[in-house]
Amino acid sequence: MEIKENFSLKELTTFDIGGQARYYGHAMDCGDLKKLLQFAKEQNVAFFVLGGGSNVVFSDSGFDGLIIHIGIDTFGIDQDVVTVGAGVGLLDFLRRAARADLGGFSGMAGIPGSVGGAVRGNAGAFGQEIKDVFVSARVLHTLTGELVEFDLAMCDFGYRHSFFKEHSEYVILEAKFALTKSHETEIAAEIEKTISLREEKHIQGIRSAGSFFINPVVGEELQEEFFRDKGVRSRGGRVPAGWLLDLAGLSHKRIGDIQAGEMHANYFINVGEGNSDQVMQLSSLAKTRVRDQYGVKLAEEVQLVGF
Ligand SMILES: Cc1cc2nc3c(=O)[nH]c(=O)nc-3n(C[C@H](O)[C@H](O)[C@H](O)COP(=O)(O)OP(=O)(O)OC[C@H]3O[C@@H](n4cnc5c(N)ncnc54)[C@H](O)[C@@H]3O)c2cc1C
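Residues numbered from 1 in each chain as written. Predicted model: local features only at pLDDT ≥ 70, side-chain atom pairs only at ≥ 80, totals over all residues. Heavy atoms only, no water.

1. A few points about the overall build of the protein chain
Here is the rule we go by: Starting at the N terminus, helices and strands are each numbered in turn, a helix being any DSSP run of H or I of at least four residues and a strand any DSSP run of E of at least two. The globule rule used for comparison is 2.2 Å times the number of residues to the exponent 0.38, while the radius of gyration itself is calculated over C-alpha atoms. Each residue gets one of three labels from its accessible area relative to the maximum for its type: buried under 20%, exposed over 50%, partly exposed in between, using a 1.4 Å probe on protein chains only. Contacts are assigned to residue pairs with any non-hydrogen atoms lying within 4.5 Å of each other. Surface accessibility in these figures is a Shrake-Rupley result with a 1.4 Å probe; residues are shielded only by whichever protein chains are displayed.
In terms of regular secondary structure, the protein chain is built from 9 helices and 19 strands. Taken over the C-alpha trace, the protein chain has a radius of gyration of 20 Å; the compact-globule value for 307 residues is 19 Å, and the two agree within 12%. Counting only C-alpha atoms, the protein chain reaches 50 × 50 × 35 Å along its principal axes. Counting every position in the protein chain, which comprises 307 residues, the buried fraction comes to 48%. Sequence-distant contacts, at least 24 apart, represent 62% of the contacts inside the protein chain between residues at least 6 apart. Of the roughly 14400 Å² of accessible surface on the protein chain, a fraction of 47% belongs to carbon and sulfur atoms.

2. Some thoughts on the side chain of Ser106
To keep things clear, this is the line we draw: In the analysis that follows, any N or O atom pair within 3.5 Å is treated as a polar contact, provided that within protein one partner can donate a hydrogen and the other can accept it, and provided that, for residues neighboring in sequence, both atoms belong to side chains.
Checked against the element boundaries, Ser106 lands in the loop between strand E8 (102–103) and helix H3 (115–121). Polar side-chain contacts of Ser106 include one of 3.1 Å to the side chain of Glu190. Ser106 has contacts with Gln128, Ile187, Glu190, Ile191 and Thr194, leaving out every residue within four places of it along the chain.

3. Quick notes on the nonpolar core
We count it as follows: Only buried Ala, Val, Leu, Ile, Met, Phe, Trp, Tyr and Cys residues count toward a nonpolar core, and they belong to the same one when joined by side-chain atoms within 4.5 Å. Those domain boundaries reflect an automatic or database domain assignment.
Counting 53 residues, the largest nonpolar core has Phe93, Val119, Ile130 and Phe177 as the members making the most contacts within it. For this core, the two domains that each supply at least three residues are domain 1 (3–70) and domain 2 (75–197). If we skip the residues at most four places from it in the chain, Val119 touches Ile130, Phe134, Phe157, Ser162, Phe164, Ile172, Ala175 and Phe177.

4. A few points about empty space enclosed by the protein
Stated precisely, the cut-off is as follows: The pocket and cavity definitions rest on a 1 Å grid over protein atoms only: a 1.4 Å probe that fits but cannot leave marks a cavity, an open set with protein on both sides within 12 Å along at least five of seven lines marks a pocket, and residues lining either have an atom within 4 Å of a point. Grid points are joined across faces, edges and corners, and a volume is the space filled by probe spheres set on the points.
Counting across every chain of the model gives 1 cavity of 30 Å³ or more. When its volume is computed, the largest cavity comes out at roughly 40 Å³. Around the largest cavity sit Leu94, Ala97, Leu102, Gly103, Gly104, Phe105, Ser106, Leu179, Ile187 and Ile191, which together line it. Elements represented by at least two residues in the lining of the largest cavity include exactly helix H2 (90–99), E8 and helix H6 (184–200).

5. Examining the layout of surface pockets
Here is the rule we go by: Polar here means any residue other than Ala, Val, Leu, Ile, Met, Phe, Trp, Tyr, Cys and Pro, which are nonpolar, and Asp, Glu, Lys and Arg, which are charged; Gly is therefore polar.
As a volume, the second largest pocket reaches approximately 290 Å³. In terms of lining residues, the second largest pocket is bounded by 15 residues, among which Leu37, Gln38, Lys41, Thr142 and Leu143 are the most central. Here the element with the most residues in the lining of the second largest pocket is helix H1 (residues 30–43); it accounts for 5 residues. The class makeup of the residues in the lining of the second largest pocket is 7 nonpolar, 6 polar and 2 charged. Formed jointly, the lining of the second largest pocket draws a minimum of three residues from each of two domains, domain 1 (3–70) and domain 2 (75–197).

6. Quick notes on the pattern of salt bridges
Heads up, the condition is: Salt bridge, as applied in this entry: a Lys or Arg side-chain nitrogen positioned within 4 Å of an Asp or Glu carboxyl oxygen.
This structure, assessed with the given rule, holds 13 salt bridges. One salt bridge in this structure joins Glu192 and Arg95, with 3.0 Å as the shortest N-O distance. With Glu192 in helix H6 and Arg95 in helix H2, this pair connects stretches of sequence that are 97 residues apart. Relative accessible area serves as the criterion here: at 39%, Glu192 is assigned to the partly exposed category. Judged by relative accessible area, which is 33%, Arg95 ranks as partly exposed. Across the pair Arg160 and Glu301 runs a salt bridge whose closest N-O atoms are separated by 4.0 Å. With Arg160 in the loop between helix H4 (152–155) and helix H5 (163–166) and Glu301 in the loop between helix H9 (276–294) and strand E19 (303–305), this pair connects stretches of sequence that are 141 residues apart.

7. So, the site of the ligand
Stated formally: The criterion for a residue being near a molecule or strand is simple. One of its heavy atoms has to lie within 4 Å of it.
Near the ligand, the surroundings consist of 34 residues, among which Val49, Ser54, Ser114, Gly124 and Gln303 are the closest. At 2.8 Å from an oxygen atom of the ligand is found a main-chain nitrogen or oxygen belonging to Gly53. In the model, an oxygen atom of the ligand is placed 2.6 Å from a nitrogen or oxygen of the Ser114 side chain. Put simply, the parts of the chain that give the shell around the ligand at least two residues each are strand E3 (46–50), H3, strand E9 (124–125), strand E13 (170–178) and strand E15 (208–211). Here the shell around the ligand takes 4 residues from H3, the largest share from any one element. Tallied by class, residues from the shell around the ligand come to 17 nonpolar, 14 polar and 3 charged.

8. A look at the pairing of E13
Note the following rule: In this description, strands pair whenever DSSP reports at least two bridges between them.
Within E13, 7 of the 9 residues are buried, which leaves it mostly tucked inside the rest of the structure. Looking at chain direction, strand E7 (residues 81–85) and E13 are connected through 5 bridges and run antiparallel. Note on E13: the bridge partner recorded for Val82 is Phe177. Pairing between strand E11 (residues 134–141) and E13: 7 bridges, direction antiparallel. Looking at E13, one finds that Leu140 is bridged to Val171.

By themselves, these figures tell us nothing about what the structure is for.
Pasting the structure below:
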């Protein structure tokens, strides 16, 4: 396993943004991961665990530490339970499970990134979330070197939330999911249908980091306004951050080469040679406007690194 120096981070993210990492290593298994952690300790530098890079914004000034890229690509099936390495792409996992006639989770198709990243953020789309099929995860505690088996209750999943979001000292190595028996052709068709739907909604194949802000919990007045406008009730008092950004006149807003999406203002898109400074300027403008006009404090869903 090689540790590279001054490694460009830009290419590792779907946003195509970021400076250089002082060190970079790819962990294909738990042994590699432990060696990389030991290296960071010896060099006395911070480390950051990266999956598919679809929910991070790296600073243009880079990361003065070690990026640990999780590449664990194991895959096994026992009846209807699939055990998947954290580095396997989410779509790849769904397609491989489909080949074994296991599905029921096709609403997740097209969400970029890795299985590890999806578990950590309880990724979801079209009414499905990781927690719906999650059984357990094998996890490394980076401070003690202990391997821990997390069951559903221990993960404390919620809307784009899990225990791991609050505890970055744990790294997910692999996870088990219980899927539903079906037929490969049907599942494959569902997967393709979901991807087409995402393309129609302009949330597929774009240079972005996904939803920039978490959907905020708002007061009853705004919840009612959302219902009047969209005809759907907000869930758990949350309204889409993109809806608030639209109201605040942010859709289309462009700073440099970073633009808030036309259909989804909560997706910031790199339309050229965008950089992290422009991302932060647009983010700051969005937060200020939504706070001043609606009294709502937006919080990032994306993970900011190196700022
Ligand atoms: C075009 C586009 C559309 C998107 N649509 C959706 C959507 O519909 N629904 C949705 O939920 N998300 C969506 N996202 C966001 C993103 O795809 C998800 O958050 C995804 O699950 C992130 O996974 P990742 O592997 O890319 O994580 P990364 O971006 O690599 O990392 C995100 C965070 O997870 C941590 N992490 C990564 N791997 C591990 C691990 N093995 N153990 C512990 N921590 C880890 C990282 O340290 C970081 O803090 C979209 C993104 C894009 C670019």
